[in-house]
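Single-letter residue listing:
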Amino acid sequence: MVTEALLVIAAAGVGGLTYARWRRGALYEALEKRLDAIRASARVDVGSLLQRPVPSFESRLTRLTEALPTTTIDTLRREALQLVRPERSYIPTHKKGGTVAYETLFETAPSIVALYQSREMCDLISRIVGMDVRPTPIYDQSSLSVLFYEKPGDHIGWHYDHNFYRGRHFTVLLPIINEGTAGGGLSHATLKAKIGSTETDVATPPNSLIVFEGARVNHKVTPIIEGERRLVISMTYCSDNRANVVQGAVRRIKDVAFFGPRALWT
Ligand SMILES: O=C(O)CCC(=O)C(=O)O
Ligand SMILES: [Fe+2]
């Protein structure tokens, strides 16, 4: 009797897991189709971005100011502000803030997805880092996200952006809102990066484009205070998207910490 009951429970468990996995598979197939549609329809005007001189990437970090036309930033900001409530994560001492993941952006933010996927962005980042890079896969929740710093204390502690792929992996940040009572009307959220042994402040006013090798450059964001707000589009590009088994497993564990158990089935 007891054995039978256990068997039934085990079968139900396996059935449930298989079903959940199948559902995620179906979701990613649907997202791939949606991505094709977005690529075909949503055009983002990157203005003269590609005509700009390519800055040096010797320190594995660089930034451009006034990266995109104002009208493009306005569109991206409008889409970001329409997003459903971001998922808030609180990982003690590491991160407090909101994140909207890639798959959610497909529904409500086609221009943000189109910018990330655009030929122009791939070309620009490839030229800056000196190797051909592409967007990271659709099932990786960190490929593209919008980060919301909007409650007092929202911040990210010192970290490297883990590289889950065989190739080199680069992080590209595009702040679209940064307002508060620090210098220049910006928020107190300051991006700090360690270049060698030197800690540098990286200015992140709206419409700056920060490109860095997050897996090699330790970085953090200091807390915002009451009444401040900072929204950042965070994109990752990679020179070889393939991942070995260990890299895939580590990515899932990290995604589960940030986005919950649904990320297990990716
Ligand atoms: O918000 C920022 O400036 C940094 C975010 C970050 O560390 C990341 O997206 O990896
Ligand atoms: Fe990071």
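Below: a short report on this structure. In this text, all values refer to a predicted model and were calculated from it rather than measured experimentally.

Reading the values: the criteria
- Numbers given for residues are sequential positions, taken from 1 along each chain in its written order.
- Each chain takes a letter, starting from A, and each ligand takes a number, starting from 1, following the order in which they are written.
- Local features in this predicted model are restricted to residues of pLDDT 70 or higher, and side-chain atom pairs are both shown and tallied only at a pLDDT of 80 or more, whereas totals for entire chains, interfaces and linings draw on every residue.
- With hydrogens and water set aside, each side-chain value is computed from the structure's full complement of heavy atoms.
- Sodium, potassium and calcium take a 3.2 Å donor cutoff, other metals 2.8 Å, and in both cases only N, O and S atoms count; water is not among them, so sites may look incomplete.
- With a 1.4 Å probe rolled over the protein chains alone, any residue whose accessible area is under 20% of its type maximum counts as buried; one over 50% counts as exposed, and the rest are partly exposed.
- Aromatic pairs are defined between Phe, Tyr and Trp rings, using the six-membered ring for Trp, whenever the two ring centres lie within 6.5 Å; interplanar angles under 30 degrees are classed as stacked, those over 60 as edge-to-face, and all others as tilted.
- Helix and strand definitions here come from DSSP, where helices need a minimum of 4 consecutive H or I residues and strands a minimum of 2 consecutive E residues; each element is numbered from the N-terminal end.
- Lysine NZ or arginine CZ positioned within 6 Å of the ring centre and within 35 degrees of the ring normal marks a charge as sitting over the ring.
- To get an axis, fit a line to the C-alpha atoms, keeping to the stretch in contact for a helix; angles then go from 0 to 180 degrees between the N-to-C directions.
- Orientation categories follow fixed angle ranges, with anything under 35 degrees roughly parallel, anything over 145 roughly antiparallel, 65 to 115 roughly perpendicular, and all other angles oblique.
- Residues are treated as being in contact if the distance between any of their heavy atoms lies within 4.5 Å.
- Residues are grouped as follows: Ala, Val, Leu, Ile, Met, Phe, Trp, Tyr, Cys and Pro are nonpolar; Asp, Glu, Lys and Arg are charged; all remaining types, including Gly, are polar.
- We call a set of buried residues a nonpolar core when its members are Ala, Val, Leu, Ile, Met, Phe, Trp, Tyr or Cys and they connect through side-chain atoms within 4.5 Å of each other.

## Considerations on the coordination of the iron ion (ligand 2)
Phase 1: Every protein donor of the iron ion (ligand 2) is accounted for by H159 (NE2), D161 (OD) and H219 (NE2), and the metal-donor separations fall at 2.1 Å.
Phase 2: Each donor residue of the iron ion (ligand 2) lies on the same chain, and together they follow the pattern H-x1-D-x57-H. Each member of the pair H159 and D161 is classed as buried.

## Things to note about the packing of aromatic side chains
Phase 1: Here the structure, examined in full by the defined rule, presents four aromatic pairs.
Phase 2: Taken together, a centroid distance of 5.7 Å and an interplanar angle of 75° make the contact between Y102 and Y116 edge-to-face. Highlighted residues: Y102 in helix α3 (residues 102–108) and Y116 in helix α4 (residues 110–117), separated in sequence by 14 residues.
Phase 3: Overall, the relative accessible area of 0% leaves Y116 in the buried class.
Phase 4: A cation over an aromatic ring shows up here: K194 above the ring of W158, its NZ or CZ 4.1 Å from the ring centre.
Phase 5: One cation-aromatic arrangement involves R230 over Y149; the distance from NZ or CZ to the ring centre is 4.9 Å.

## Comments concerning the packing of helix α2 (residues 70–81) against α4
Phase 1: Between α2 and α4, whose axes approach to 8 Å, the crossing angle comes to 125°. Of the possible angle classes, the one that applies to α2 and α4 is oblique. Packed against α2, whose contacting residues are T75, L76, E79 and A80, the element α4 presents P110, S111, I112 and L115 at the interface.
Phase 2: When grouped by side-chain class, the residues that make up the contact of α2 with α4 number five nonpolar, two polar and one charged.

## Focus: the nonpolar core
Nonpolar side chains tend to gather and get buried jointly when the protein is soluble and globular.
Phase 1: Membership of the largest hydrophobic core comes to 48 residues, with the highest contact counts inside it found for L174 and M235.
Phase 2: The element that contributes the greatest number of residues to this core is helix α5 (residues 119–129), accounting for six residues.
Phase 3: Once residues within four sequence positions are removed from consideration, M235 is found in contact with L115, Y116, M121, S143, L144, F170, T171, V172, L174 and L209.
Phase 4: Membership of the second largest hydrophobic core comes to 15 residues, among which are I156, I210, V217 and V221.

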